Amino acid sequence: MEPVALPPIHIDGQQKVTIDTAALSAVKLGKLGKSSVDTRRRINHFHTLIKRYSKLESHKQTTSAADDLDAINSQIAQVSREMTEMGGLDWYQKASLLGQCKQRGGDTSRWLVPQLQELGLDKREKKLRLLEVGALSSRNYEKERRWIDVVPIDLNSQEPGIYQQDFLDIKIGRVEKAEQTSAEDDDDEFDNDKVQLFESPFEAISLSLVVNFIGDPGRRGDMLRQAARLLTPDGLLFLVLPRSCIANSRYLDDERLLAIMECLGFVQLQSHHTAKLAHYLYRFTGSSASNESFKKKLLYSEGGRNNFSIVI
Ligand SMILES: C[S@@+](CC[C@H](N)C(=O)[O-])C[C@H]1O[C@@H](n2cnc3c(N)ncnc32)[C@H](O)[C@@H]1O
């Protein structure tokens, strides 16, 4: 079968990487990994490549010498090639979906649902409008369809029921281009090929294992800011990070994350750590608490820790 060109895909919200579909067409479930340990090892390697890619891109922005730029561009091409050879974003998503299988702990919505029930949200007449970012399956909230209205999005949709959409490009409350006259098109401030407009804010947003997917600490902060922008006052944010991002980082721990979230206007309702994951449920107060910035700050200097951080 002739490979078709996929549209460019944002890897870290800034840069676009075109995934080679010839490599994708070689992706078969059997290639996801020989075992769960092997799959996890390869997913981790993919994360490393994303981070390397982001670092090189931001390095490129601050470099002017032609020789250095050539060297950076060739390293970028090499990292992109390696991601493509692994099967690109599509392979990564399929492998991550495998990690959601019941035998491997299930998807993280299973922790969120009882929290929402505890808040009485299953008893309301109106359905809870939930934006699920980084949705690998449209069936994650299938059992809760009676009371949850899910809008699943992903950079690379795996199913027709999932919108192919960058979370960072979503805006609330504007009329879509398709409904505008051509005169209105001229002064449109957004590139509507990218921007998806929703009429009303969301009552809940899920960012499960999405913030850590982004390679750049500032862009991770942008995702949390964007969540605040898209939520109703009192809206809920479900955040899941690999536990190592919190428990084993030089730059982030529970206390620092809470300070960042409070600054953005969130109060923490619940948190729960398992061996692998850190789950958090926040309520948005409706406005940010301060303009304080949180730069990358060394909290733990001992060796053996990772460099995960979030910057706002
Ligand atoms: C590890 S998967 C997470 C899957 C799932 N949410 C879970 O909890 O297992 C990360 C997903 O987030 C998606 N993603 C990352 N940044 C995104 C963005 N800005 N907008 C939409 N989806 C994004 C990626 O395409 C990828 O499919």
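Quick caveat: nothing in here was measured; it's all calculated off a predicted structure.

> Break down the confidence of the model for the chain for me, with residues and values.
The predicted model of the chain averages 81 in pLDDT, with 79% of residues at 70 or higher. Scored below 50 in pLDDT, residues 1-30 makes 56 contacts in the model with residues more than four places away or belonging to other chains. Under a pLDDT of 50 for its full length, residues 178-192 has, in the predicted model, 14 contacts with residues more than four places off or in other chains.

> Go over the nonpolar core with me, naming the residues and quoting the values.
Where a protein is soluble and globular, its nonpolar side chains tend to be buried together. With 56 residues, the main nonpolar core has L131, F167, I205, L207, L237, L257 and F266 as its most contacted residues. Looking at which element gives the most residues to this core, the answer is helix 2 (residues 36-61), with six residues. The residues that make up this core include at least three from each of domain 1 (9-99) and domain 2 (107-165 + 201-284). Once residues lying within four places of it in the same chain are set aside, the contact partners of L257 are L239, L241, I246, L252, Y280, Y282 and I310. V113, Y141, F238 and L277 belong to the second largest nonpolar core, which has 16 residues in total.

> Please set out the UniProt feature "binding site: S-adenosyl-L-methionine" (unreviewed entry) in the chain residue by residue, giving values where relevant.
Per the UniProt record, "binding site: S-adenosyl-L-methionine" (unreviewed entry) is found at G134 and D154. Spanning 21 residues, the named residues nonetheless gather at one spot, since no C-alpha pair among them exceeds 4.6 Å. Note that G134 resides in the loop between strand 3 (128-133) and strand 4 (148-154). Exposure remark for G134: the relative accessible area of 24% places this residue in the partly exposed category. Note on placement: D154 falls in strand 4.

Conventions and cut-offs
Residues numbered from 1 in each chain as written. Predicted model: local features only at pLDDT ≥ 70, side-chain atom pairs only at ≥ 80, totals over all residues. Heavy atoms only, no water. pLDDT = per-residue confidence, 0-100. Contact = heavy atoms within 4.5 Å. Core = buried A, V, L, I, M, F, W, Y, C linked by side-chain atoms within 4.5 Å. Buried < 20%, exposed > 50% of the residue type's maximum accessible area, 1.4 Å probe, protein only. Helix = DSSP H or I, 4+ residues; strand = E, 2+ residues; numbered from the N terminus. Domains from an automatic or database assignment. UniProt positions renumbered as here; feature names shortened; annotations may be inferred.

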